[in-house]
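# Breakdown of the fold
Listed below are the residues making up each chain.
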Amino acid sequence: MIEITKPAEAVQKAFLNRMDDAQVLQNYRDAERGMKISRRALWPDLRLNTRYEAVGGENDTDLLGVEREDWFVGMTLGSDLNRRAEKAAYEQSELTLQEARLDIEDRAFLITREVGQQIRAYRRAQAELRIALRNTELAVQRLELADSLFRLGRGENFSVTEAEEAIQIAEETELRARADASIS
């Protein structure tokens, strides 16, 4: 008989060791990343343009004799202002993220339920094993009693035969209960 961990610990271990739960968590991280990307796509496409021009002087390398300097700084908008496709992609990414959150909650509920079912199955199998062991003991005692009564001439050989059959059934039930307890 093994010691059963607390249900909360068993659930935590199940979360750490199940591939389907790891996949759900990876899907959530992917959805978060997709939302960040789609949010970034909503930003306008701005470009900063700068230009410097020196006019005059005897040659191009003579910067001290420059007659005039021209500076230009400007910004250009490289995308349309009506960003329907990007807004739709962002809203879709929000929905995907919500769906991933629900998947995580659903998976947590299912794992918690499965752990509880396994713990109950183990306890039930242990109880059935104790009952089967007790039944085997009683069948052995019944055979001893039937055999003693038969030897004293107070019982029939049918009672002994029935007691032997009861032992076989009890031992078979015990073996089945041991296997069930071991598996659970």
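Residues numbered from 1 in each chain as written. Predicted model: local features only at pLDDT ≥ 70, side-chain atom pairs only at ≥ 80, totals over all residues. Heavy atoms only, no water.

## Comments concerning the packing of helix H3 (residues 84–151) against helix H4 (residues 157–183)
- Where H3 contacts H4, the two axes come as close as 8 Å, and the packing angle between them is 160°. Between H3 and H4, the crossing angle belongs to the class labelled roughly antiparallel. H4 is crossed by H3, and the crossing has left-handed handedness.
- Among the residues making up the contact of H3 with H4, the classes are represented as 17 nonpolar, six polar and nine charged. (Axes fitted to C-alpha atoms, helices over the stretch in contact; angles between N-to-C directions. Helix = DSSP H or I, 4+ residues; strand = E, 2+ residues; numbered from the N terminus. Parallel < 35°, antiparallel > 145°, perpendicular 65-115°, else oblique. Left-handed = near helix turned anticlockwise from the far one by under 90°. Nonpolar A, V, L, I, M, F, W, Y, C, P; charged D, E, K, R; others polar.)

## Brief notes about H3
- Under the 1.5 Å per step criterion, the end-to-end length of H3 is 99 Å for 68 residues, consistent within 8% with the ideal 100 Å.
- Once H3 finishes, Gly 153 follows within two positions and takes phi at roughly 85°, a positive value. (Expected span 1.5 Å × (residues − 1).)

## Quick look at the layout of surface pockets
- In this structure, the largest pocket encloses a volume near 220 Å³.
- As for the largest pocket, its lining consists of 12 residues, of which Ile 4, Thr 5, Ala 10, Gln 118 and Ile 119 are closest to the centre.
- If one sorts the elements of the lining of the largest pocket by residue count, H3 sits on top with four residues.
- Partitioning the lining of the largest pocket into residue classes produces seven nonpolar, three polar and two charged. (1 Å grid on protein atoms, 1.4 Å probe; cavity = no way out; pocket = protein on both sides within 12 Å on 5 of 7 lines; lining within 4 Å. Points joined across faces, edges and corners; volume = space filled by probe spheres on them.)

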